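The chain contents come next:
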Amino acid sequence: MSLTGSDINYALKDQEDFESLNLTDAIKFQYAFKVEETYQLDLLTQFQQKLTDERVAMCTSGKGISSVYHPDKVDEGSTNAVSFPQMGIKPVLQLPKTAKKVDKFNSLQKWEGIILEVKQDYIVARLTSLGIPSQEEEAEIPLSELESEDLDLVEPGSVFYWNIGYLDTARGQRIRSSLIRFRRIPYITKNQIEGAAVDANKLRQFICWE
Amino acid sequence: MPTNFDNSSAGNDVALPPDIDEIEVSVFGPIYGEAIVLHLGNQNWFIVDSCLDINRNPAPLSYLKKLNVNLAEDIKQIIVSHWHDDHIRGISQIVEECHRAEVVCTEALGSTEFLQMIKSFRINLFQETTGIDEFARVMQILEKRAIQEKRNHLLLKRAISDRLLWKDPQNSDRCIHSLSPSDTAVLSANLDFKSLLPKEDRRGCFRLMPYKKNWCAIALLATYGDIGILLGSDLEETPNPSGGWTAIVNSHLRPQLKAFLYKVPHHGSKTAHNNDVWRLMLHRNPIAVVTPLARSGLPSPSDVERICSQTENAFCTAPITNKRSRKRPHAVEKTLRESGITIKRINTESGHVRVRVKMGEDPKTELFGQAIPLINVYNQKLG
């Protein structure tokens, strides 16, 4: 069996895993794939200076390697361990690698909203669809739909983003969700206020109404 | 005044331009927004306010383009009656395209306080524009134009009570007067603007919400010979008789001409009603046009009853309906239902009431889109 460089990359795609191996094991691991010669030499070059000649020779001799491990080609019933009968060198254990799963939100409808009025237990908001620009709507949203941390931002003129869709969790669950996030805008500075006053005065003079 | 009334279903052609000596008043109003196009003969066109049509284009521009009006040359004035969102959306695009038009706004919108407001709140921060964004863009366009044309001032005219805004150089009986705002209303507005200015101790660039008073809006009287047109904008009565409609009725400086057409102020609300306007400033049985504001429930059933008791010729640019939003994915609909959230569309097809009249003839009223007689405003069934 001859494996290509891409096969190795697949097997060792997690750089952290690779670095956690000790050097000897790393070389044995690589060799267990019977890599193409050039690729193999590249790998060895990386470690050669740090290992004794004996160990390098042992690792590259091919003796004692009784099986080849490939994560995609493990027979059912067999272990993932590669047998290394010689010299008590511990076998390489390779656990099946899977991509880390994260929560993912699939949005079905997105709006930008602005609060027009705040009533006792709901807000009236103007909504602009972020998907279909011509759609403009107004909604009455109960305050109970908002996060408690956002309640101090609830006032006319506040802007929020509203997403309705499915939350696909890392554990494989699909949850229908409505997420409302309020836009947090920095405080205006004294300089900005003074700058606006200067600009306004200039513009006023340009109007020439006096 | 007698009037001919045609419905658009009778096959009227919206794109048919008026005759050279024909006056036209076109009122546009989806359930959110209002705009007026006025023709005072001889290709003298005016635009008062702006609202967006269903394609989010300024309704007056879309209409004037259908009539093949030369926007760059024939639009004489663009009047910004006030800065509320429902009257100003798309106005900057109109100013951009109508190069020669003079822009008119209230004295209050040229005040240092208001200018400071438009300089303080960022433009293009959000998807939807606001009155502040629109007016800031208008000022940018005017500044740029003044620099290009090497002028040391902006082409911005101020309107205040009893002021002549425009007069046809060839026919001195064709003119437009502003009837408001009064001096006290301007002062009051400046104080309100001051209170809206951003302060150091609070969040800055959220979207500015206009105050709800409509004391500083520009009411207009257009005259063509002895024909008068009263356009009420959103002007409401004020607690002080030196402002609002009371001040206009009592003014001896305004043209003492009765109007045959009345754009009813502030969506027909009771707060903008003055009996003396109907008695002293309008012909008997005038044509009255109302634009609805669905969110505020205007005009209310009692408003409809009151207006219809004053005239048999009342029209509304759109019916009051809680038009359902478009169909969404099932999961979205279910989430909204379970959360008790209701959503209504606000940009519907723009209704259009068009009135045309020639000297010595009866006016002709045409309804396009969703426009209907006011009496049916709560009875209209929509598909």
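Residues numbered from 1 in each chain as written. Chains lettered and ligands numbered in written order. Predicted model: local features only at pLDDT ≥ 70, side-chain atom pairs only at ≥ 80, totals over all residues. Heavy atoms only, no water.

A.B. asks: Explain the overall build of chain A here, please?
C.D. replies: Broken down by element type, chain A carries 6 helices and 5 strands. Seen in sequence order, chain A has helices and strands lined up from the N terminus as α-α-α-α-α-β-β-β-β-β-α. For chain A, with 210 residues in total, the buried portion stands at 39%. Long-range pairs, those at least 24 residues apart, make up 52% of the contacts in chain A between residues at least 6 apart in sequence. A total accessible area of about 12,600 Å² is found for chain A, and carbon and sulfur atoms account for 50% of it. (Helix = DSSP H or I, 4+ residues; strand = E, 2+ residues; numbered from the N terminus. Buried < 20%, exposed > 50% of the residue type's maximum accessible area, 1.4 Å probe, protein only. Contact = heavy atoms within 4.5 Å. Areas by Shrake-Rupley, 256 points an atom, 1.4 Å probe, with all protein chains shown as cover.)

A.B. asks: What is the right way to read the sheet that holds strand E12 (residues 259–263) of chain B from this model?
C.D. replies: Backbone hydrogen bonds hold the strands of a sheet together, and the pairing may be parallel or antiparallel. All names here are of chain B. In spatial order, the strands read E8-E9-E10-E11-E12-E13-E14-E18; together these 8 strands make up an open sheet with mixed pairing. The open sheet is flanked by strand E8 (163–167) and strand E18 (372–373), the only strands paired with a single partner. Where E12 meets strand E13 (residues 282–290), 4 bridges bridge the pair, whose relative direction is parallel. Within the sheet, the bridge partner assigned to lysine 263 lies in E13 and is valine 289. (Pairing = 2+ DSSP bridges.)

A.B. asks: Whenever I open this one, the interface of chain B and chain A confuses me. Can you help?
C.D. replies: A common way to state how big an interface is: give the accessible area lost once the parts meet. With 63 residues of chain B at the interface, the matching set in chain A holds 56 residues. Summed over both sides, the interface between chain B and chain A buries roughly 5,300 Å², with carbon and sulfur atoms accounting for 59% of that surface. At the junction of chain B and chain A, the tally comes to 2 salt bridges. The partner of A:Arg176 in a salt bridge is B:Glu338, with the nearest N and O atoms 3.3 Å apart. Sorting the residues of the side of chain B that touches chain A by element identifies strand E6 (102–106), helix H5 (112–120), helix H6 (131–148), strand E7 (156–159), helix H11 (330–339) and strand E15 (342–345) of chain B as the ones contributing at least two each. Here the side of chain B that touches chain A gets 7 residues from one element, more than from any other, and that element is H11(B). Residue composition of the side of chain B that touches chain A, grouped by class: 23 nonpolar, 16 polar and 24 charged. (Buried area = accessible area lost by both parts, 1.4 Å probe. Salt bridge = Lys/Arg side-chain N within 4 Å of Asp/Glu carboxyl O. Nonpolar A, V, L, I, M, F, W, Y, C, P; charged D, E, K, R; others polar.)

A.B. asks: So what exactly am I meant to see when it comes to the packing of helix H6 (residues 190–207) of chain A against H6(B) here?
C.D. replies: Between two packed helices, both the angle of their axes relative to each other and the distance between the axes serve to describe the pair. Direction vectors running N to C along H6(A) and H6(B) enclose 60°, while the axes themselves pass 12 Å from each other. In terms of axis orientation, H6(A) runs oblique to H6(B). Where H6(A) crosses over H6(B), the two elements pack in a sense that is left-handed. Taken together, the residues of H6(B) that come into contact with H6(A) (itself represented by A:Leu203, A:Phe206 and A:Ile207) are B:Met139, B:Glu143, B:Ala146 and B:Ile147. (Axes fitted to C-alpha atoms, helices over the stretch in contact; angles between N-to-C directions. Parallel < 35°, antiparallel > 145°, perpendicular 65-115°, else oblique. Left-handed = near helix turned anticlockwise from the far one by under 90°.)

A.B. asks: Is there a simple way to explain the pairing of strand E5 (residues 75–79) of chain B in this structure?
C.D. replies: Residue and element names in this part refer to chain B. Along E5, 4 of the 5 residues are buried, which leaves the element largely enclosed by surrounding structure. Where strand E4 (residues 45–48) meets E5, 4 bridges bridge the pair, whose relative direction is parallel. Its bridge partner lying in E5, valine 48 is registered against isoleucine 79. Of the strand pairs in this sheet, E5 and E6 are connected by 3 bridges, and their pairing is parallel. Looking at the pairing, glutamine 77 lines up with glutamate 102 of E6.

A.B. asks: Would you mind going over the packing of H5(B) against H6(B) with me for this structure?
C.D. replies: Residues and elements named next belong to chain B. H6 packs onto H5 with a crossing angle of 100° between their chain directions and a minimal axis gap of 9 Å. The orientation of H5 with respect to H6, classified from their angle, is roughly perpendicular. Contacts between H5 and H6 involve Phe114, Leu115, Met117, Ile118 and Lys119 from the first element and Ile132, Phe135, Ala136, Met139 and Glu143 from the second.

A.B. asks: Explain the sheet that holds strand E5 (residues 174–182) of chain A to me, please; I cannot follow it from the model alone.
C.D. replies: Taken in spatial order, the 6 strands line up as E5(A)-E4(A)-E1(A)-E2(A)-E3(A)-E15(B) in an open sheet, and their pairing is antiparallel. Each edge of the sheet is formed by a strand with only one pairing partner; in this case those strands are E5 of chain A together with E15 of chain B. For this sheet the average axis-to-axis angle between neighbouring strands, irrespective of direction, equals 30°. Across 4 bridges, strand E3 (residues 136–142) of chain A lies against E15(B) in antiparallel orientation. Bridge assignment links A:Glu140 to a residue of E15(B), and that residue is B:Thr342.

A.B. asks: Even after reading the chapter, I still don't get the side chain of B:Ser339, so can you show me in this structure?
C.D. replies: Relative to the helices and strands, B:Ser339 is located in helix H11. Of the polar contacts made by the side chain of B:Ser339, one reaches the side chain of A:Glu145; its length is 3.5 Å. Engagement of the side chain of B:Ser339 in a polar contact is seen with the backbone oxygen of B:Thr335, the distance being 2.8 Å. Excluding anything up to four places from it in sequence, B:Ser339 contacts A:Pro142 and A:Glu145. (Polar contact = N/O pair within 3.5 Å; in protein donor to acceptor, adjacent residues only side chain to side chain.)

A.B. asks: Explain unusual backbone geometry here, please?
C.D. replies: One can expect most non-glycine residues to show negative phi and most peptide bonds to be in trans. Of note, the amide linkage connecting B:Ser180 to B:Pro181 takes the cis form, showing an omega dihedral of 5°. Assignment of secondary structure puts B:Pro181 in the loop between strand E9 (174–178) and helix H7 (183–196). The omega torsion across B:Leu298 and B:Pro299 is -5°, close enough to zero to call that bond cis. Position of B:Pro299 among the secondary structure elements: in the loop between E13 and helix H10 (301–310). The phi dihedral of A:Cys208 falls on the positive side, at around 60°, and the residue is not glycine. Mapped onto the fold, A:Cys208 is located in the segment after H6. A positive phi angle, near 55°, is found at B:Asp162, a position not held by glycine. Relative to the helices and strands, B:Asp162 resides in the loop between E7 and E8.

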